[in-house]
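Residues per chain are reported as follows:
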Amino acid sequence: EVKKNGKNGFQFYTAQLDSELYERIELEGYLRKALERDEMVLYYQPQIRTEDSRMIGVEALIRWNHPLKGLLAPNVFIPLAEETGMIYEIGNWTLREACRQMKLWHASGGPLIPVSVNLSSQQFHQSNLVEQVKNALLETGLDARYLELEITESMMMDAAVSTAILNELTALGVKISLDDFGTGYSSLSYLKHFPIHKLKIDRSFVTDITESHSDQAIVATIISMAQNLKMEVIAEGIETKGQLDILMQNDCREIQGYYFSRPLPASEVEHDFFVPLRLQGNGTPPVSSE
Ligand code: C2E
Ligand code: MG
Ligand code: MG
Ligand code: MG
């Protein structure tokens, strides 16, 4: 009996493995064609200044409009893109597309705000990254000061290499944000050596902030450290008024989260966040949020 169960269990296991492998191979095949079929799309999540609830930036977040599965989140396909090397092409497309959209908004009277673009580790370490960023700016006409690149602590393990890359990037005039800050295991000492403009406090510290004194202490500490280091700071993943209140009490001036807005297609950002402009409707340039 045991043997029979074991055998069946084993057969079931391999069958499941086969189907997982098959799905992966299938997904990979679709992913290879996704860019040429124009299936990738960028959503934009507004970043909000707490003082006056104005949108002061957007983060570009990639989605894949899969022909059969519908809209897929990045955690479903970015790891596969990284494993297969497709991330280079996808990352380059993302950079250009984000710059293109931002330039279009600026040129058509939208707010003069920056866009932040997430870089994957491979992209950060690819030899022609600086060239790609430069080209994306040149070809779209976006001024470098309106582009922010999001990296994570794990990309900065080799201090000498990261410093060289970051210096070249900032020489172009783009800004660097440290995403998911506080979740890596790296030393804080790099903060004073690297040209980093902004810390993004990870959502994991915000989720329970209304009940957790330790999360509150961590967030307050990150905010005051950023201020002392003359860096900007933004908190991610704010979903409730309670979380917002505590962050504001701790002098957090910029936030991003579902409480204000989910990531939206470009047209919905225009619809929901460019409203005063629409009412203006007389061709007068809007007041910049800067
Ligand atoms: P991230 O850069 O830390 O982006 C924040 C993620 O949190 C986004 O998920 C966003 O939709 C989500 N989020 C924002 N506000 C809230 C909130 O209030 N509550 C909750 N529960 N979630 C919130 P998304 O879009 O699924 O992206 C996940 C991750 O995928 C990103 O984390 C980023 O690391 C990666 N990613 C997204 N777009 C790109 C891209 O173009 N290139 C690369 N390399 N990675 C990307
Ligand atoms: Mg990010
Ligand atoms: Mg993040
Ligand atoms: Mg993340």
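Preceding this section is the structure that the text describes.
Everything in this summary refers to the structure shown in the same document. Note that the structure is predicted; figures quoted are calculated from it, not measured.

To continue, consider the environment of Arg203. Positionally, Arg203 belongs in the loop between strand S7 (198-201) and helix H8 (213-228). Each C-alpha atom of the pair Arg203 and Asp180 lies 7.3 Å from the other, and the pair is 23 residues apart in sequence. If we ignore the near neighbours within four places in the chain, the residues touching Arg203 are Glu236 and Gly237.

Moving on to the site of ligand 1. Around ligand 1, the surrounding shell holds 21 residues, and the nearest of these are Arg63, Asn118, Asp179, Glu239 and Tyr258. Within the contact set of ligand 1, an oxygen atom lies 2.9 Å away from a side-chain nitrogen or oxygen of Asn118. In this structure, an oxygen atom belonging to ligand 1 sits 2.8 Å away from a side-chain N or O atom of Asp179. Across the complex, the protein chains shield 81% of the 800 Å² of accessible surface that ligand 1 would expose by itself. The cavity where ligand 1 resides is the largest pocket. The set of elements that each furnish at least two residues to the shell around ligand 1 consists of strand S2 (54-66) and strand S6 (175-181). Taken together, the residues that form the shell around ligand 1 break down as 7 nonpolar, 6 polar and 8 charged.

Evaluation of the coordinates by the stated rule reveals 5 aromatic pairs. With 5.6 Å between their ring centres and 75° between their planes, Trp64 and Phe77 make a pair best called edge-to-face. Highlighted residues: Trp64 in strand S2 and Phe77 in helix H2 (residues 74-84), separated in sequence by 13 residues. Of the two residues examined, Trp64 and Phe77, each falls in the buried class. Taken together, Tyr44, Trp105 and Phe274 form an aromatic cluster joined through their ring pairs. The ring of Tyr43 carries Arg63 above its face, with NZ or CZ at 5.4 Å from the centroid. Sitting over the face of the ring of Tyr258, Arg262 holds its NZ or CZ atom 3.9 Å from the ring centroid.

Rules of the game
- Residue indices follow the written sequence of each chain, beginning from 1 at its first position.
- Chain letters and ligand numbers both follow the written order, the letters beginning at A and the numbers at 1.
- Totals for whole chains, interfaces and linings use every residue, but because this is a predicted model, local features are given only for residues with pLDDT of at least 70 and side-chain atom pairs only at 80 or more, for both listing and counting.
- The basis for the side-chain values is all heavy atoms of the structure; hydrogens and waters are excluded.
- Numbering of helices and strands starts at the N terminus; helices are DSSP runs of H or I of at least 4 residues and strands are runs of E of at least 2.
- Any two residues whose heavy atoms approach within 4.5 Å are treated as being in contact.
- Only heavy atoms are used to decide nearness, and a residue is near a molecule or strand if one of them lies within 4 Å of it.
- In protein, a polar contact requires one atom able to donate a hydrogen and another able to accept it; more generally it is a pair of N or O atoms within 3.5 Å, and residues adjacent in sequence count only if both atoms are side-chain atoms.
- Areas reported here follow the Shrake-Rupley algorithm with a probe of radius 1.4 Å; residue values treat only the protein chains shown as occluding.
- In this analysis the probe radius is 1.4 Å and the grid spacing 1 Å, with only protein atoms considered; a cavity is a set of points the probe fits into but cannot get out of, a pocket is an open set with protein on both sides within 12 Å along at least five of seven lines, and lining residues have an atom within 4 Å of a point.
- In this scheme, a molecule is assigned to a cavity or pocket if more than half of its atoms are within 2 Å of the grid points.
- Three residue categories are used. Nonpolar comprises Ala, Val, Leu, Ile, Met, Phe, Trp, Tyr, Cys and Pro, charged comprises Asp, Glu, Lys and Arg, and polar comprises the others, including Gly.
- Only rings of Phe, Tyr and Trp enter the pairing, Trp through its six-membered ring, and a pair is recorded when the two centres are within 6.5 Å. The plane angle decides the type: under 30 degrees is stacked, over 60 is edge-to-face, the rest tilted.
- Relative accessibility decides the category of a residue: with a 1.4 Å probe and only protein chains considered, values under 20% of the type maximum give buried, values over 50% give exposed, and everything between is partly exposed.
- For a lysine, the NZ atom is tested; for an arginine, the CZ atom; a charge sits over a ring if that atom is within 6 Å of the ring centre and within 35 degrees of the ring normal.

It is worth stressing that arrangement in space is one thing and function is another; only the former is reported here.
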